[in-house]
Amino acid sequence: MSKFKALATYEETLRTGYELLPFNFTALDEVKYVLTNIAGQYTVLDRHSIETFVNHRLPETSATYDELKSKHFLIDADSKVSIDLLALKVRTKLERVADFTALHMFVVSLRCDHSCPYCQVSRQSDNRGAFDMSEETAIKALDMVFRSPSKSIKIEFQGGESMLNFELVRFITLRAEELNRTQHRDLAFALATNLAVVTDDILLFCRDHDIFISTSLDGPADLHNKNRPRPGGDSYERAIQGVQHARELLGRDRVSALMTTTKASLGRARDIIDEYVRQGFNGIFLRPLSPYGFAIKTKSYDAYEMDEWLTFYFEGLDYIIELNRSGLRFSEYYASMILSKMLTPFGTSYVDLRSPAGIGIAAIVYNYNGDVYASDESRMLAEMGDQTFRLGNVATDSWESIMTSEALLTPLEESFAASVPMCEQCAFEPYCGSEPVFHHATQADFVGHKPTSAFCNRNMAIFRRLITDLTDNAETRGILQSWVRA
Amino acid sequence: METRGTSLELSFSQTAFPLETIKKAAYRYSDSLSFEFVVESDKVRLLLHARKPMSAGALVDLAHALRTEVLDQDLRAIVARETQAVRNAILAYAFSGTGLQGDEQV
């Protein structure tokens, strides 16, 4: 008896054909489309191939068939394991939702020594008593922090300028560590600061309690100081000095920087990136302005169109890839987060790229006066007089009432991308986010009208660019893959 | 396809394309165009109106893109119909054993 099965055994697929698995497709350009399955795995095909595939005419012997089968776009008589694998990958992508609120932001003061016209938080310049968080408020907020079931808790100090109320930062850190002795969470701290008023005493405390420093660096001195005025006009000099000193005391990898793109930044992507390289950073987050706070009041937000920002972004991305080709390891962080979603089964902790939205269930904000907001952007909106995303106050509301409030649940439910027009059939949906706060701020609607959404248009342009780069050029693909963070 | 100033009319067979397919395709271009739907016995007449001044050539290009989008929506409808059951099975499987239901064994 032959130990081999008859050829007919392996021809069953030819007789029975294949079944489609759920997928979406979106045009990349005039010719190509990107297809994504329910877990976000992608492939690129022309329209004729998609039509052939959907109409069950794709030959089993074709390379396209193998590609689609290996990436779970179809199943056939060989195996049904794709269904189990897709379920596992969907679950992995959404596992952070089950972890619940991990990021807790404390606005320890609204006071600030800078006068940035694009300030999103509408900082105040004096009256310490009125705009600093009290210990009583901090204690109540910390009680809420540990009500979250998340195994990992990150407490982030925001402002204004958080170092202007560093005594409270110290108080909150010590108290959180005390509470954590019985809570046993993976507890981390971060401090957002312009570093203008940093002292050795502050840095040593940050070192001793492993507090990560996040500062602002908008580019070379002339650009940074133009964007970020302060008395003395020396914001850049203070920031650089602070970064260097913080690295000496805390360690090189304990300090990061963020930039904001203003009208003055456009056309200077290379200068800004060169500054980050010169200062020894390993990457940069090329951020657009957000429509909140003083950015609206001073019309900074309207200073440029999204197309202008995309030109700036892609100039920056091109330059960063060029630097990588020359041997420098340097990444663009927004692309890095998206690439992680495209190339791994994991989701992201970045609130703006989450669906369901990360408001409240991934991040939450305790304002200086005890008001609780669904996100930092929600707090910024409140400073403009819009309290839509105010969830309660630590003095008067419980964790349960805050997390089950209509102010939180309604935008979460309504904006879920897999069930809203255009998003539900968009191939980029697995990589994107819901952003109900942005859409409420710009379109007065949690869902938003996606054809006119700046968030949607910006992201789709970036997604198309990254998929095209991954597909068309092996060297660029290798560079982009090296930016992936699992 | 008939063009009148900043408006243009397309016509779709109702036998070939359900109204919902045409509406979904139109929605995608609602940043540049507004629409009037005229449903007749065997066809849907779709009047496209430019939201902002644009050349006749640009309007024709949008009309071509919209017609391609109608075809794409038709394909998407086939995929959705054929994969609805397995999609629900995948999602049910993904969310099973999470302990979110009160009487569920985790």
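In what follows, the structure referred to is the one given above.
Conventions and cut-offs
- Residues numbered from 1 in each chain as written.
- Chains lettered and ligands numbered in written order.
- Predicted model: local features only at pLDDT ≥ 70, side-chain atom pairs only at ≥ 80, totals over all residues.
- Heavy atoms only, no water.
- Helix = DSSP H or I, 4+ residues; strand = E, 2+ residues; numbered from the N terminus.
- Buried < 20%, exposed > 50% of the residue type's maximum accessible area, 1.4 Å probe, protein only.
- Contact = heavy atoms within 4.5 Å.
- Areas by Shrake-Rupley, 256 points an atom, 1.4 Å probe, with all protein chains shown as cover.
- Pairing = 2+ DSSP bridges.
- Buried area = accessible area lost by both parts, 1.4 Å probe.
- Salt bridge = Lys/Arg side-chain N within 4 Å of Asp/Glu carboxyl O.
- Polar contact = N/O pair within 3.5 Å; in protein donor to acceptor, adjacent residues only side chain to side chain.
- Nonpolar A, V, L, I, M, F, W, Y, C, P; charged D, E, K, R; others polar.

> Looking at this model, I keep getting lost on the overall build of chain B. Mind explaining?
Broken down by element type, chain B carries two helices and four strands. In chain B, which comprises 106 residues, the proportion classed as buried is 34%. Taking the contacts inside chain B whose residues are at least 6 apart along the sequence as the reference set, 59% of them involve residues at least 24 apart. Carbon and sulfur atoms provide 52% of the accessible area of chain B, an area that totals close to 6,000 Å².

> What am I meant to see in the environment of L310 of chain A here?
Residue and element names in this part refer to chain A. On the secondary structure map, L310 appears in helix α14 (residues 306-325). Of the residues examined, L310 reaches a relative accessible area of 10% and is grouped as buried. Residues L310 and L381 lie 71 residues apart in sequence; the distance between their C-alpha atoms is 24 Å. What L310 contacts, discounting residues up to four positions off in sequence, is N457, R458, A461 and I462.

> Help me out: how do you make sense of the pairing of strand β2 (residues 23-27) of chain A in this one?
Working note: regular strand, side chains alternate between the two faces of the sheet. All names here are of chain A. With respect to burial, β2 is a largely interior element, four of its five residues being buried. Here β2 runs beside strand β3 (residues 32-37); their pairing, made up of five bridges, is antiparallel. Bridge pairing links T26 to V34 in β3. What sits between β2 and β3 in their antiparallel hairpin is a turn of four residues.

> Can you help me understand the interface of chain A and chain B in this one?
Reports often express the size of an interface as the amount of accessible area lost when the parts come together. At the interface, 30 residues of chain A touch 25 residues of chain B. Taken over both partners, the interface formed by chain A and chain B buries close to 2,500 Å², and the fraction arising from carbon and sulfur atoms is 64%. If you sort the residues of chain A by the area they bury against chain B, F25, R91 and Q425 of chain A come out on top, with a joint share of 22%. In this structure, the connection of chain A to chain B is made through two salt bridges. E424 of chain A is paired through a salt bridge with K24 of chain B; the nearest N and O atoms lie 3.9 Å apart. At the junction of chain A and chain B, the tally comes to eleven residue pairs in polar contact (both at pLDDT 80 or more). For the side of chain A that touches chain B, the elements supplying multiple residues, two or more each, are β2, α2 (47-54) and α4 (81-93) of chain A. The element contributing the most residues to the side of chain A that touches chain B is α4 of chain A, with six residues. A breakdown of the residues in the side of chain A that touches chain B according to their chemical character gives 17 nonpolar, seven polar and six charged.

> How should unusual backbone geometry be read in this particular structure?
All names here are of chain A. Note that the residue after G159, namely G160, is joined by a cis bond; omega there is 15 degrees. Along the chain, G160 falls in the loop between β7 (152-158) and α8 (166-183). Geometrically, the link from S355 to P356 is a cis peptide bond, its omega value of 5 degrees lying close to zero. In this fold, P356 is placed in the loop between α15 (333-343) and β13 (363-366). Phi is positive for F100, close to 70 degrees, though the residue is something other than glycine. For F100, a relative accessible area of 24% puts it in the partly exposed group.

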